[in-house]
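Working through the structure, step by step
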Amino acid sequence: MYFVSTRGKERVIGSEAVVKGLAADGGLFVPETFPTVTAGDINAMRSMSYAERAAEILHRFFDEYDKAELLAACKAAYGQFERGDAAPLVKIKDGLYVLELFHGPTCAFKDMALTVLPYLLRKGCDLCGIKEKVLVLVATSGDTGKAALEGFKNAEGIDVMVLYPEDGVSKMQKLQMCTQEGSNVNVLAVSGNFDDCQRTVKTIFSSKEYAEQLAKEGYRLSSANSINFGRLAPQIVYYFSTYIDLLTGKQIEYGDPVNFTVPTGNFGDILAAYYAKRMGLPLGKLICASNRNHILTDFFQSGVYDTHREFIKTMSPSMDILVSSNLERLLYEITDRNAERTAELMRSLSQSGKYEVTPGELARLQGEIWAGFAGEDETIEAMYDFFSENGYTADTHTGVALYVQGLYKDAFPRDKNESVIVSTANPYKFPQDVYYAVTGNDIKDSFKCIKRLNQETAMPVPKAISRLRDKPLRFKKSAPASKVFDEVLAFVKR
Ligand SMILES: *Cc1c(COP(=O)(O)O)cnc(C)c1O
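Residue numbers run consecutively from 1 along every chain, following the written order of its sequence. The predicted origin of the model limits local features to residues at a pLDDT of at least 70 and limits the giving and counting of side-chain atom pairs to 80 or more, whereas totals for whole chains, interfaces and linings rest on all residues. Remark: hydrogens and water are excluded; side-chain values derive from all non-hydrogen atoms of the structure.

In this description a helix means any DSSP run of H or I spanning at least four residues, a strand means any run of E spanning at least two, and both kinds are numbered starting from the N terminus. In terms of regular secondary structure, the chain is built from 22 helices and 16 strands. For the radius of gyration, the atom set is restricted to C-alpha positions; the globular benchmark scales as 2.2 Å times the number of residues to the power 0.38. A globule of 494 residues ought to have a C-alpha radius of gyration of about 23 Å, and the chain, at 21 Å, matches this closely. Along the first, second and third principal axes, the C-alpha atoms of the chain reach 60 × 50 × 50 Å. Every one of the 494 residues in the chain was classed for burial, and the buried ones make up 61%. When checking whether two residues touch, look at their non-hydrogen atoms; a contact exists if any pair is within 4.5 Å. Residue pairs at least 24 apart in sequence account for 74% of intrachain contacts in the chain once pairs closer than 6 positions are excluded. Reported accessibility uses the Shrake-Rupley method at a 1.4 Å probe radius. Residues are deemed covered only where the shown protein chains occlude them. Carbon and sulfur atoms make up 47% of the accessible area of the chain, which amounts to about 18700 Å² in all. The sign given to each residue is positive for Lys and Arg and negative for Asp and Glu; His and the chain ends receive no count. Each charge is placed at NZ for Lys, CZ for Arg, CG for Asp and CD for Glu. The chain carries 58 positive and 63 negative side-chain charges, and their two centres are separated by 3 Å. Burial classification: accessible surface area is computed with a 1.4 Å probe over protein chains only, and a residue below 20% of its type maximum counts as buried, one above 50% as exposed, and the rest as partly exposed.

Structure, rendered in structure tokens:
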């Protein structure tokens, strides 16, 4: 299958889209056409495991990959998850479910894709005849970094370097990254917020000069951020898998629409739901939940995307983002794949920090996505209520989704679709905030807090978290954005 750039100047096959990460014209790769999944296909997937379903969906996009090999890679990836099922759906009450995507090696939903991406990239290099080493350069708001480090650690011919905003990630996220093992990994704190990190990475990607300097060292760049389609494709799978689980559990019949509420940052997770819908999955409303950095809520209401606003640090740091990269892919679709128009909007964004869509475009956006946001107190309240009413402990990101799901219900009381809350992180990744939400008390020390949270909720502590306590800190360096490329070069020259 071919992929085209949202800015119109490139067309490549899937493996090349994965290896490149970002198109040379600055656009993002999208499938030239959406493969369709029929009722019959869905029926056939009922008896399959998560890994088998994943191979089934992924092969439609990556048809030049050997299917048996792809299946083996999916089995190896999802075999690392703590539970037999990589994406268990928990029924809270009639009509309401939580989709738990945090049972992977790093306890956040990024594992759903980053356990498979190393295979897609490694094999992609072989399929494209690439002989150089690959440097995967990652900007992270907290969870992608760790998942990429873990996914790529000790990978053959691939190095990975993660940039995180110095003061923009949680204690536990930082600890997870800075204790990372592996001979091919590097972690650097960058002054500024996530947008600064992401901008630095995009600048490095689009610079010919940097590319030449890296080429001299025998390296080429790739990305593990959700700008890479190889990140998005595995995320499409769990929407299919959830729908199929609802079918096999006799909660719905084929064709019944299902709503998803998705805690959103870079717009990758919810975009994957939109893609699943375009492939034929009968989804209902897609609800985009934001925290206090609610640029997306404002955009879906007004049609104006305006980054001239304060960047606010919240207790859901993986959603503290003002420039949501994947929105470009949705704009491309709702303009009927008008690459010129998409490029124009993105030009406006980079030149003036702002763009505005037409009333017609806005109406189409609103037809696809409903958006809302939660403040900090509201998030805590939603987590407390959910815990006391249902005995279910949610992390802070999922807390934002819980609140926004409530807003949606109030706004559309007659919508009787089954509702799924996408749960993106294990609560133990944010122990202090979660403990505060369920008990009203503060405990400063992370590991003491984890112990108390466990006593309070009886939720098991994942080994990946409890083990961190005794791991030595390997990475302590920080740098301003202007020095990042020097650090990248020093790393590849090591
Ligand atoms: C990355 C992340 C999100 C946001 O997902 P996007 O695909 O960037 O919208 C939400 N919650 C958690 C815990 C995350 O790690």
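In this fold, Gln176 is placed in helix α8 (residues 171-178). Residue classification places Gln176 among the buried positions, given a relative accessible area of 1%. Here Gln176 is in contact with Thr106, Lys146, Lys429, Ile465 and Leu468, once residues within four sequence places are set aside.

Here the focus is the sheet that holds strand β2 (residues 11-13). The three strands lie next to each other as β2-β1-β3, forming an open sheet whose pairing is antiparallel. Each end of this open sheet is capped by a strand with a single partner; those strands are β2 and β3 (29-31). Strand after strand, the sheet turns through a mean of 40° between neighbouring axes, direction not considered. Here strand β1 (residues 2-5) runs beside β2; their pairing, made up of three bridges, is antiparallel. Bridging from a neighbouring strand, Tyr2 pairs with Ile13 of β2. Two strands qualify as a pair provided that DSSP identifies no fewer than 2 bridges between them. Here an axis means a line fitted to C-alpha atoms, over the contact stretch when the element is a helix, while the angle between two N-to-C directions is reported on a 0 to 180 degree scale.

In this section: the packing of aromatic side chains. Side-chain rings of Phe, Tyr and Trp (the six-membered ring for Trp) are treated as a pair once their centres are within 6.5 Å; stacked means planes under 30 degrees apart, edge-to-face means over 60, and tilted covers the remaining angles. Considering all chains together, one arrives at 24 aromatic pairs under this definition. Summarising the aromatic geometry, the rings of Phe267 and Phe300 are spaced 6.1 Å apart at their centres and angled 20° between planes, so their arrangement reads as stacked. Within this pair, whereas Phe267 is found in the loop between β10 (258-263) and α12 (268-278), its partner Phe300 is found in helix α13 (residues 295-302), the two being separated by 33 residues in sequence. Since its relative accessible area comes to 4%, Phe300 is described here as buried. Each member of the aromatic cluster is reached from another via a ring pair, and the members are Phe3, Phe34, Phe61, Phe62, Tyr65, Tyr119, Phe229, Tyr274 and Tyr275. Directly above the aromatic system of Tyr2 lies the positively charged group of Arg11, at a separation of 3.8 Å from the ring centroid. Criterion for a charge above a ring: Lys NZ or Arg CZ within 6 Å of the ring centre, and within 35 degrees of the ring normal.

Turning next to the site of the ligand. We call a residue near a molecule or strand as soon as one heavy atom of that residue lies within 4 Å of the molecule or strand. Around the ligand sit 15 residues, and of these Lys110, Asp143, Gly265, Asn266 and Thr424 come closest. At 2.5 Å from an oxygen atom of the ligand is found a side-chain nitrogen or oxygen belonging to Asp143. In the complex, the protein chains occlude 98% of the 380 Å² of accessible area that the ligand would expose alone. Among the residues forming the shell around the ligand, the class breakdown is five nonpolar, seven polar and three charged. Polar contacts here mean pairs of N or O atoms no more than 3.5 Å apart (in protein, one a potential hydrogen donor and the other a potential acceptor; neighbouring residues in sequence count only if both atoms are side-chain atoms). Here the term charged refers only to Asp, Glu, Lys and Arg, the term nonpolar to Ala, Val, Leu, Ile, Met, Phe, Trp, Tyr, Cys and Pro, and the term polar to all other amino acids, Gly among them.

Here a helix's expected span is defined as the number of its residues, less one, multiplied by 1.5 Å. A rise of 1.5 Å per residue sets the reference length of helix α3 (residues 50-61), with its 12 residues, at 16 Å; its end C-alpha atoms lie 17 Å apart and thus fit the reference within 8%. Buried residues dominate α3, accounting for 10 of its 12 residues. When we look at burial in α3, the residues that qualify are Tyr50, Ala51, Arg53, Ala54, Ala55, Glu56, Ile57, Leu58, His59 and Phe61. Lining the buried residues of α3 we find β1, β3, α2 (39-45), α4 (67-78), α5 (111-114) and α11 (229-248).

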